[in-house]
Every structure is written in structure tokens, then in C-alpha cells.
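Descriptive analysis of the structure
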Amino acid sequence: SQELEQSPQSLIVQEGKNLTINCTSSKTLYGLYWYKQKYGEGLIFLMMLQKGGEEKSHEKITAKLDEKKQQSSLHITASQPSHAGIYLCGADAQTGANNLFFGTGTRLTVIP
Amino acid sequence: SQTIHQWPATLVQPVGSPLSLECTVEGTSNPNLYWYRQAAGRGLQLLFYSIGIDQISSEVPQNLSASRPQDRQFILSSKKLLLSDSGFYLCAWSPNAVEKLFFGSGTQLSVL
């Protein structure tokens with residue numbers, strides 16, 4: 001079965017620093033989603049990538065999907081305390097019902 | 001606009017007791033509905049999804065069941081809770097099979 005591996009599992013950065021979170025799949029990705037979760041809360045959609053080489057940005061967050069569509073990265077520029085949380089990548093399970101399966105998440109802490 | 005409501009926010013239940021978590025969506029019709037569970041230190045796991053009233057698909061054999069008595073209502077149930085049922089339960093909806101998922105705020109379930 002297809003799996004998503006995220007790295008690192010946790011990350012502590014100083015405010016203002018850049019950081020990157022990676023999501024690697026064992027198989028080709030047909031839809032890659034990035035979500036952010038505040039501890040004990042629901043998930044907030046960040047971005048969706050579908051095409052090889054695709055790159056999307058929203059404010060200071062940029063997500064990329066590699067050409068082979070097996071790896072995605074999430075890059076945050078000039079991190080702020082508001083960026084802290086758990087970042088999850090999710091992939092379409094290709095069952096026709098938009099079922100997503102998720103990686104284990106990356107816990108980001110931003111130190112002011 | 002569409003909103004998703006999930007309750008309760010937290011729940012502490014003894015082993016062997018029944019469970020009922022409710023999720024409702026407003027502002028849309030015939031949504032795809034999902035129940036996910038996030039166990040401590042693990043990623044999100046899809047439990048059930050539904051593409052219509054009384055149409056429920058189970059992804060993981062377990063002690064839980066789901067029902068969709070109305071178009072925008074999704075219920076997660078158990079007749080007898082196990083310790084292993086503890087976790088953070090998230091309800092989600094999507095307009096169709098290709099759109100992103102929108103998540104509820106989650107229910108933290110502790111089975112003691």
C-alpha cells in the first residue's frame with residue numbers, strides 16, 4: 001500500500017528563519033495536499049498540488065511537487081510564531097471518493 | 001458559506017461504554033463525508049467515508065461504525081469502547097471526489 005513519510009518529525013526554529021518540510025511517497029502521487037493543524041484542533045487546508053513540477057505559494061508558504069510526483073516540500077520563509085503547529089501532507093488514495101491518507105506530520109515550533 | 005460542526009470537543013468514557021459522535025455540515029448539499037482518527041504519535045487514519053445517505057464505506061475493520069441518517073449528518077458510533085479507541089476524531093467533508101477536504105474542529109476521546 002502507498003505510504004507517506006514526512007521529515008523531519010519535529011522542528012524547532014528561531015523566528016525569522018526559513019525552514020523546509022518534506023513529504024515522500026512510495027508511489028506516484030495523483031493529488032498532494034498540505035494541511036496545518038493547531039494542537040487539538042481541526043485541519044486547515046494550505047495547498048493542493050497535482051502536476052509534476054507544480055509550485056504554489058500563499059503568503060510566506062511555498063509548496064512544490066517534484067517532476068516524478070513522488071516528493072513534495074513545504075517551505076516557510078521568515079517563520080513567525082503563527083506558523084507553529086503540525087503540518088500534514090495528504091495524498092489522494094485514488095478510490096474515486098476523494099479519500100486522503102496522511103503522513104505522520106511534522107510538529108513545528110517557532111521561538112520568538 | 002459552508003460550515004462543519006463536530007461535537008463534543010472532548011469526551012472521557014469508560015471501557016465498554018457506548019459512543020456517539022456527531023458531525024453536521026451546513027451550506028451545501030450531498031457532500032462527501034469522512035471520519036478520520038488521529039492516534040497519539042500517529043498520522044491521520046481514514047475510518048469511514050460516505051458519498052450519500054446510507055452509503056457508508058469502511059476503510060479499517062474495527063470496533064466502530066458510522067451512519068448517515070440525513071444528507072448532511074454523519075455519526076460515528078460504538079457499542080462498546082475499547083482502550084485502543086482513544087484518539088482525536090476528525091470529521092471532514094468535500095463537495096465532490098476531487099475537491100479538497102474541509103475538517104471539523106475534532107473530538108478528543110479518552111477511553112479509561
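Our subject is the structure that appears above.
Because the structure is predicted, anything quoted here is derived from the model rather than measured. (Residues numbered from 1 in each chain as written. Chains lettered and ligands numbered in written order. Predicted model: local features only at pLDDT ≥ 70, side-chain atom pairs only at ≥ 80, totals over all residues. Heavy atoms only, no water.)

**Structural notes on the overall build of chain B**
Counting its regular elements, chain B contains zero helices and eleven strands. Listed by position from the N terminus, the elements making up chain B come as β-β-β-β-β-β-β-β-β-β-β. For 112 residues, the compact-globule estimate of 2.2 N^0.38 gives 13 Å, and chain B sits close to it at 13 Å. Expressed as lengths along the three principal axes of its C-alpha atoms, the size of chain B is roughly 40 × 25 × 20 Å. A burial count over chain B gives 48% of its 112 residues as buried. Counting only contacts in chain B whose residues sit at least 6 apart along the sequence, the fraction spanning at least 24 positions is 54%. For chain B, the exposed area adds up to about 5200 Å²; of that, 52% sits on carbon and sulfur atoms. In chain B, 7 positive and 7 negative side-chain charges are present, and the distance between their average locations comes to 7 Å. (Helix = DSSP H or I, 4+ residues; strand = E, 2+ residues; numbered from the N terminus. Rg over C-alpha atoms; globule rule 2.2 N^0.38 Å. Buried < 20%, exposed > 50% of the residue type's maximum accessible area, 1.4 Å probe, protein only. Contact = heavy atoms within 4.5 Å. Areas by Shrake-Rupley, 256 points an atom, 1.4 Å probe, with all protein chains shown as cover. Lys, Arg positive; Asp, Glu negative; His and termini not counted. Charge placed at Lys NZ, Arg CZ, Asp CG, Glu CD.)

**Considering the sheet that holds strand 8 (residues 71–76) of chain A**
Residue and element names in this part refer to chain A. Strand order in the open sheet formed by five strands is 1-3-8-7-6, with antiparallel pairing between adjacent strands. The open sheet terminates on both sides in strands that have one partner only, identified here as strand 1 (4–7) and strand 6 (55–58). Here the strands of the sheet are splayed against their neighbours by 15 degrees on average, with no regard to which way each runs. Where strand 3 (residues 19–25) and strand 8 come together, six bridges link them in antiparallel fashion. (Pairing = 2+ DSSP bridges. Axes fitted to C-alpha atoms, helices over the stretch in contact; angles between N-to-C directions.)

**Some details on the state of the cysteines**
What we call a disulfide is simply a covalent bond connecting the sulfur atoms of a pair of cysteines. All names here are of chain B. In total, this model carries two disulfides over all chains according to the counting rule given. The residue that forms a disulfide with C23 is C91, at a sulfur-sulfur distance of 1.9 Å. Measuring handedness by torsion sign, the sulfur bridge of C23 and C91 sits at about -75 degrees and is left-handed. Separated by 68 residues along the polypeptide, C23 in strand 3 (residues 19–26) and C91 in strand 9 (residues 87–94) bring together distant segments of the chain. Across the pair, C91 and C23 agree in class, each one buried. (Disulfide = S-S within 2.5 Å.)

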